[in-house]
Structures are given as structure tokens and as C-alpha cells.
Amino acid sequence: MESRWRKAKMSLGLNLCVYVPRTLEGDEASSPNTASSTAALVSPVASSSSAATSANTTPTAASAEQSNGKVKGGAGALMPTTPTPTSAGLRLSKSGSKSFKKTCAICLTTMKPGQGHALFTAECSHTFHFHCIAANVKHGSNSCPVCRIKWKELPFRGPLPAELPQGNGRINPINGHLNGGQMTIVRPLPRARSSGRLHHLTSLLPDTDPSIFNDDEPLDLLCEATEDPQQGCSSTVDIKTYPEFTEIPENVSERNFTVLIHLKAPLAQNLCTHSSVGDGNGHKTRAPVDLITVLDVSGSMAGTKLALLKRAMGFVIQNLGSADRLSVIAFSSSARRLFPLRRMTESGRQQSLLAVNSLTSNGGTNIAEGLRKGSKVIEDRQAKNPVCSIILLSDGQDTYTVSPTAGVHKAAPEYCALLPSTNGNQQVPVHVFGFGADHDAVSLHSISQTSGGTFSFIETEAAIQDAFAQCIGGLLSVVAQGLHVKVESLHPDVHFGSIRSGSYSSRITDDKRNGSIDVGDLYAEEERDFLVSVNVPPGYRETSLFKVGCVYKDPLMKDTVNMADVQVRISRPAFVSVQSVSIEVDRQRNRLHAAEVMAEARFSAERGDLTNAVSLLEDCRRMIMGSASGQSGDRLCQTLDAELKEMQERMANRQRYEASGRAYVLSGLSSHSWQRATARGDSTDSESLIQAYQTSSMVDMLLRSQTMSRSSIPRQNPQMRHAKSFPARPQPR
């Protein structure tokens, strides 16, 4: 009886075929599409192979024409190349090793010879659909997706024997069997560098990025043409003011009187936090997004990190709507655009998932080049969705210089020069995620701070998807853009002293009678609080101090909204028996003071004085809990106290501060200075370390992420908790 290997070789020789991809249009006409699944894996359950054969994309099944293998006829579909991570490692198959003989381990569909598709049998004897494995080979994968053994030889399509230089390759055991003028050959992989890092397969993986990224997919014109005025925001930005005291005696003057300006963004009509951009009738219910993700795939991301990153990107792709566009930049020693800005239609999602799942990890960490290419995608695009943002994730130090003419290692790269240029007052925020204990928290925080984005610290691997979910939950709910707040004195003797606005730009005119704050974008239901200091002259009965107004753009209707002015008045009785400070004003004082102390404590820690840093944090905790709002049991004060305590613990010694303390403090600073939710640490330690500033859309997206994870993969770590934004609906006094 012939051995199985003998039979396989005979079958391979008799049924040699070359996979010829069809066009997307042709496939759609002949093969029904399968709806994508939101199950635990990174990509949807396999649809027809036509979903990934678009001619203008790089990592599609069409790349099978650029690779070779030992082939048999078969059929397949597109599925993720990275196994789903579990608490016990990476689960490869539930059916055991026997299933790999009949089922493609990539797409999990049966391999049946003789149906026009090719099969590839690796040197480790595992077999896959040719077009499933081709994308992995094209993007640098040189290991078996089943047994993870590094292949010593790579399959690819080569020239005829007469064209093949001597010693450049060897013919497969099926010598002489040609099909359409093509022959399957095998080329040895390049050896690893002496440094231990994998050699980049530059000969097999050329950088095909164009010089100008103006090949973005056109916008959803049908949705643009059917905008409905009734689909805009059901209300406008709400403005409230809270004076420090509601009454001041008529003969008394105040030199430093504080007034809180509280803004709250509206909830867009029919704004659901689902991926859909429209209401099913062709009308948009939220502003579509152009999202560029810049992902670190250096050697340190190998294994579970990369698997979880792919799963998180799969979640992002599944939750973008058909009018949203996505482009992915992968960087290691260099950077490469996986695909241009592409609408997340059904076929767009399939192609994007294939590209993401083809990622492999090797090389160094060139954050600057990744950021440069991400910015270039934004600057060169032909069309523009109303909302645009960059998501940047890295787990290591930038080992390359920003400027090609500079030294190999640059102490303080000027990332600001690499950020996307802005049009007018609209800034493109870069939301940065520092992953693990080895990332460059200072540089990453600097990128986010300069661009108007947030910096999140992902301490545990399992929190990647939740962190991404929280971020896109906000990006998919922008209801106000370019928000500009203005204040104007209403009394000849009232002058502005200061505007405490955190990281938001503010200014006061030379005559101190006018001021302004540039707030930028607001997510639905998001809140902002600013403290304005003025002098109060003596007065009778009532004194009008100043008025507050704002103007912003509705990103959905593209209209400019001018809000009516709100006046700040205080009563002036002859005598005031007891004055009680406004809890709302006191709460925001505590928040701003805590942020200032965090920055000061970090400065001391960087100088090596951890004892002083811990002492500063302890003094701040006592001050907050002894304040009027702290004594009243205010929730934000309790959260600040718990967060400051956590920072003290992470500054217990130099080793712990370097590993997690620095990143934790910077993420807290980012959150409180922008008044926007960030991920900090594992975000799950206790009930008191709940996330501040979360909106309903963020909470909904987080719940969706956690539900998906729980339904598919048992998790050792508790889920990220969620809470409403702070302060919680302050009531007028």
C-alpha cells in the first residue's frame, strides 16, 4: 500500500493548478456574500473568496499570483491567520490535529480537491488553501499558522527553468509539471541577522507605497445626497454658569472671584452607538469618520500581543459604518501602508480584516516613520469625512531618528513636525496607546498632547480591545466641532484675571475685558468645565459680571451654530450672614489642583526624588478630602483620591516607577487636562478606580467589547469598569 505522502505527491502532480482570482464584480454575481460575524475571532466567518480580490488592494487573495506552493485543487475562504488568544495560550483548533488534514486551519473550511482552487502543503506537512496562505507569505509570515514552526523555505511563483539562474532555487518534487507556463519553486529564507532580529524580506516584500496617498476611496455620495435636516442634533450645546458665591455684600469688593463655566454637548437625534452611520432610509444619524490606525508590529509585539492587537483591530473594523473610512499603517524598522482610506462596506471590511490578519512582527520600532505615513494619508486624501483622527499604538522605545540626517538615536524626537497639518482651526487629534512596561511614555504623551489627543496606558494585554472600544465609542459620536467659547465683561469695573482651562488654549485681551477658549470637538453628552477669575466691584441689588457665548460647527449638517449668550449675575444684599461655596466650583478646583500636583510629583520623580513626589501626592489627597466637595462625598473627589493613592504606590521605588508609574501619571494628566476618558493601568483594580469622563457611547462600546470577549474567550482579568462622566449633572444653586 502506498504511503499517504506518496499519494499526496502523486495527487499533487496530477492535479496541479494555478489559482486565478476573479474580479470582485464577477464573484458577487456568481457567489452570494456571507454576512460578517461579530463573534470572538478577529474577522467574520468566511465569506466567498471574492470579498478580498479587489484589484486596488495589496493584501488580498490576488497576492496568490505572487506566491507558490505544492498545490492541489481545493476551495477556501478568507479567515484570520492568527489564532484566538485564551487564558491558556493561543487556541489553535477545537477539533484536534486530525482536522488539519481535511480543514484549512486559516479559514476553517473543508479542502476539497478538484474545485478550481489551489492547496499548499508546507514542509511541516500542514496544508492550507493557497490563497489563504499567500497573503501571509506576501506580508512576511514565515511560520506555520498551525504548529508555529519557522519555515526554512518560502513558496512563491517563479520563472521558467530556462529563466532561473543556477543555484537560485530548486524545483519541487513535481519536476516538469507546468501549468500555463508557470512552475512552483522554493527559495530558502534569508538567515537571521547576527543581532537576533529577523531579516526583512525586502526582496519578497517590496514597499509598494505610492509617493502621494491620493488613492482614497470616494465618500458615500448617496448618504451625502440624502441628508435630512431632522437628523441633526436634537438640541444645542448647553451652557451653565456657577459663581463661587451667589451673594456678596453690597459694600464688599472681591479681587479674585471664581465663576465656573459648564458646557455639555447634546445627544444627536437617533444617535445610537452602533456601527451604522444611517437610519436605514439613507439618512445619516452621525458624522462619518476617517480613521487612520498606526500600529507597532516590531519584534517585541510577537506572540499574544500581536494576536490581541489583531483581535482589537477586528473589533474596530466590525464597528465602523459603511460611510466610515479606515486606513492602516504598520511600522517596525520601517513603515508601510497596508491599504488606502477605504469605506467599511461589507467587502471593505473583508479586505481590511485580511490585511490586518496578515501582519507579522519583526524588526525595530520606528514610531516617527509610522506617524509620518499616517499624517501623509490625511494630508493627501482627495475627499474628507467630517471627523478625522489617528490612533497610534506602540510597545517600545523609538529606535530610529525622526530626521534621516540626524544621529542614530535622538534623545527628544521632534514629533510635532510629523503631525498632520490642520485646515483652519480644525486639529487632527492623535489618540496614543502606550502598551506594556517598555514603551516610551514621555514621547507618546508628547505626541497626544501636541495634537489634542489623549494618551492611554495599557498595562495588561487583555485590555487592548477595551481601550480601543472606548476610544472609537467617542470618535463615532462627535456632535460639535471647532467649539469656541467667548466671554465679555458687562461692567466697566469688571476685568478678567485668569482662565483655568487645562490643556485647552485660552487667552485674555490686553484690556482684560474679553477672553476666549478653544475647545475643539465634543462627543455626544461630553462635558467641559472652565474656571474664570474676575474682580467684583462694590454694587447694589445685583451686579452683572460678564456674559458667555459659544460658536461651533455641526459636523453632520455642516452648519455653524451660534449660541445665545448667558449672563453671570450675583445678588448684592446689604448683609450676608453665611456664605457657602458652590460645590460645583470647589469640585473643579480640586480637579485642576490634582492635575497640577500630578505634574509636580512626576517632575520630582524624574529627578530621582520619589520621597518628595509621594509627599506631594499625600498632601493633595488631604486637601481634596478636606474640601467642601470632598466632605460632601462628591464622587469625583473620591475618584481623585483613589487615583492619587494608586500613583503613590507606583512611586514606591524606582523600578516600579519606571515600569508603570510614569505612564500611569501621564495618562492621568492627559485625562484630567483634556477632561476626556483614557485607559490607565488595567483600569479594573477596584470600584473606586472607575473611569472618569466616559460618555454613554463609550460605555455602550465598552459593553459590546466585553460581551464579545466573554461570549468567546474566558478572561482571567476583570473587565474595565465604566461610569458616567464627571461631574454628574450639576444642579443650579
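Residue numbers run consecutively from 1 along every chain, following the written order of its sequence. Two thresholds apply to this predicted model, a pLDDT of at least 70 for residue-level local features and 80 or more for giving and counting side-chain atom pairs, whereas whole-chain, interface and lining totals are computed over all residues. The side-chain figures draw on all heavy atoms in the structure; neither hydrogens nor water molecules are used.

Undergrad: Could you give an account of the overall build of the protein, naming the residues involved and the relevant values?
TA: Of the regular secondary structure elements, the protein holds 15 helices and 24 strands. Summarising the internal contacts of the protein: among those between residues at least 6 apart in sequence, 75% fall at separations of at least 24. Entry remark: accessible area of the protein is about 29,800 Å², with carbon and sulfur atoms responsible for 49%. Helix and strand assignments come from DSSP, with helices taken as H or I runs of at least 4 residues and strands as E runs of at least 2, each series counted from the N terminus. Here, two residues are considered to be in contact whenever any of their heavy atoms come within 4.5 Å of each other. The Shrake-Rupley method, run with a 1.4 Å probe, gives the accessible areas here. Residue values count only the displayed protein chains as cover.

Undergrad: So what about the nonpolar core? Which residues, and what values?
TA: Counting residues in each nonpolar core, the largest one holds 50 residues, and the members touching the most others are Ile292, Leu392, Val430, Ile447 and Met651. Other than its neighbours up to four places away in sequence, Met651 contacts Ala601, Arg602, Ala605, Leu610, Ala613, Val614, Leu617, Tyr657 and Val665. Side-chain atoms within 4.5 Å link the members of a nonpolar core, which is a set of buried Ala, Val, Leu, Ile, Met, Phe, Trp, Tyr and Cys residues. Relative accessibility under 20% of the residue-type maximum defines a buried residue, over 50% an exposed one, and the middle range a partly exposed one, all with a 1.4 Å probe and only protein chains included. Counting residues in hydrophobic clusters, the runner-up holds 47 residues, among them Phe315, Ile317, Leu353 and Val387.

Undergrad: Hey, could you go over the pairing of strand β15 (residues 430-435) for me, with residue numbers and the actual values?
TA: Counting buried residues in β15 gives six out of six residues, a clear majority hidden from the surface. As paired elements, strand β14 (residues 387-394) and β15 share five bridges and run parallel to each other. Bridging from a neighbouring strand, Ile390 pairs with Val430 of β15. The pairing of β15 with strand β16 (residues 455-458) spans four bridges and is parallel. Looking across to β16, one finds that Phe435 is bridged to Ile458. After leaving β15, the chain enters helix α8 (residues 441-451) and then returns to the sheet as β16, a path that is right-handed. At least two bridges found by DSSP between two strands are what make those strands a pair. Classification remark: right-handed applies to a crossover when, strands pointing away from the viewer, the course from the first strand over the helix to the second runs clockwise.

Undergrad: A description of the sheet that holds β15 should follow, citing residues and the corresponding values.
TA: The strand order across the open sheet formed by six strands is β13-β12-β11-β14-β15-β16, and the pairing between neighbours is mixed. Lying at the two open borders of the sheet, with one neighbouring strand each, are β13 (335-343) and β16. Strand-to-strand twist in this sheet, taken as the mean axis angle between neighbours without regard to direction, amounts to 15°. By the bridge criterion, six bridges tie strand β12 (residues 325-331) to β13 in an arrangement that is antiparallel. Among the inter-strand pairings, Phe331 is bridged to a residue of β13, identified as Ala335. Where helices are involved, their axes are fitted lines through C-alpha atoms of the stretch in contact, as for all axes, and angles between N-to-C directions lie from 0 to 180°. Most of the contacts of helix α5 (residues 304-318) go to strand β11 (residues 289-296), to which it runs at about 175°, and overall it touches β11, β12, β14 and β15.

Undergrad: Go over the pairing of strand β10 (residues 254-264) with me, naming the residues and quoting the values.
TA: With eight of eleven residues buried, β10 is to be regarded as a mostly interior element. Sheet analysis places β10 next to strand β21 (residues 527-536), joined by nine bridges and oriented antiparallel. Each bridged residue has a counterpart across the sheet, and for Lys264 the counterpart in β21 is Glu527.

Undergrad: Requested: an account of the side chain of Glu526, with residues and values cited.
TA: With respect to the helices and strands, Glu526 occurs in the loop between β20 (514-523) and β21. Not counting chain neighbours up to four residues away, the residues in contact with Glu526 comprise Leu263, Lys264, Ala265, Asp521, Gln675, Arg676, Thr695 and Met698.

Undergrad: Lay out the sheet that holds β10 in plain terms, naming residues and giving numbers.
TA: Overall, antiparallel pairing links the four strands, which are arranged β9-β10-β21-β18 in an open sheet. Edge positions in the open sheet fall to β9 (238-243) and β18 (496-500), since each of these has one partner strand only. The mean inter-strand angle of the sheet, taken between neighbouring strand axes irrespective of direction, is 20°.

Undergrad: Explain the environment of Ala659 to me, and be specific about the residues and the numbers.
TA: On the secondary structure map, Ala659 appears in helix α14 (residues 654-674). In sequence terms Ala659 and Gly436 are 223 residues apart; their C-alpha atoms lie 8.4 Å from each other.

Undergrad: Help me get a handle on the packing of helix α10 (residues 583-606) against α14, residues and values and all.
TA: Interhelical geometry of α10 versus α14 gives an angle of 150° and a closest axis separation of 10 Å. By the angle between their axes, α10 is roughly antiparallel relative to α14. Classified by chirality, the crossing of α14 by α10 is left-handed. Residues Arg591, Ala595, Met598, Ala599, Arg602, Ala605 and Glu606 of α10 lie in contact with α14, whose contacting residues are Arg654, Tyr657, Arg662, Val665, Leu666, Gly668, Leu669 and His672. Here the contact of α10 with α14 is composed, by residue class, of eight nonpolar, two polar and five charged. An angle counts as roughly parallel when it lies under 35 degrees, as roughly antiparallel when it exceeds 145, as roughly perpendicular when it falls between 65 and 115, and as oblique in every other case. With the far helix as reference, a near helix turned anticlockwise by less than a right angle produces a left-handed crossing, and one turned clockwise produces a right-handed crossing. Residue classes follow a fixed rule: Ala, Val, Leu, Ile, Met, Phe, Trp, Tyr, Cys and Pro count as nonpolar, while Asp, Glu, Lys and Arg count as charged, and any other residue, Gly among them, counts as polar.

Undergrad: Explain unusual backbone geometry to me, and be specific about the residues and the numbers.
TA: Notably, Arg541 is not glycine yet its phi reads approximately 65°, a positive angle. When you line up the elements, Arg541 lands in strand β22 (residues 541-554). Exposure remark for Arg541: the relative accessible area of 76% places this residue in the exposed category. Even without a glycine there, the phi angle at Tyr693 is positive, about 70°.

Undergrad: Please set out the pattern of salt bridges residue by residue, giving values where relevant.
TA: Should a side-chain nitrogen of Lys or Arg be within 4 Å of a carboxyl oxygen of Asp or Glu, the pair is scored as a salt bridge. By the definition in use, this model includes 31 salt bridges. A salt bridge links Asp209 to Lys373; the nearest nitrogen and oxygen atoms lie 2.5 Å apart. You can see Asp209 sitting in the loop between β8 (183-188) and α4 (221-225) and its partner Lys373 sitting in helix α7 (residues 367-380), a full 164 residues away along the chain. Residues Asp209 and Lys373 agree in their burial class; the two are buried. Lys547 serves as the salt-bridge partner of Asp565, at 3.6 Å between the closest nitrogen and oxygen. With Asp565 in the loop between β23 (559-562) and β24 (566-572) and Lys547 in strand β22, the pair connects residues that are 18 residues apart, well separated along the chain. Residue classification places Asp565 among the partly exposed residues on the basis of a relative accessible area of 41%.

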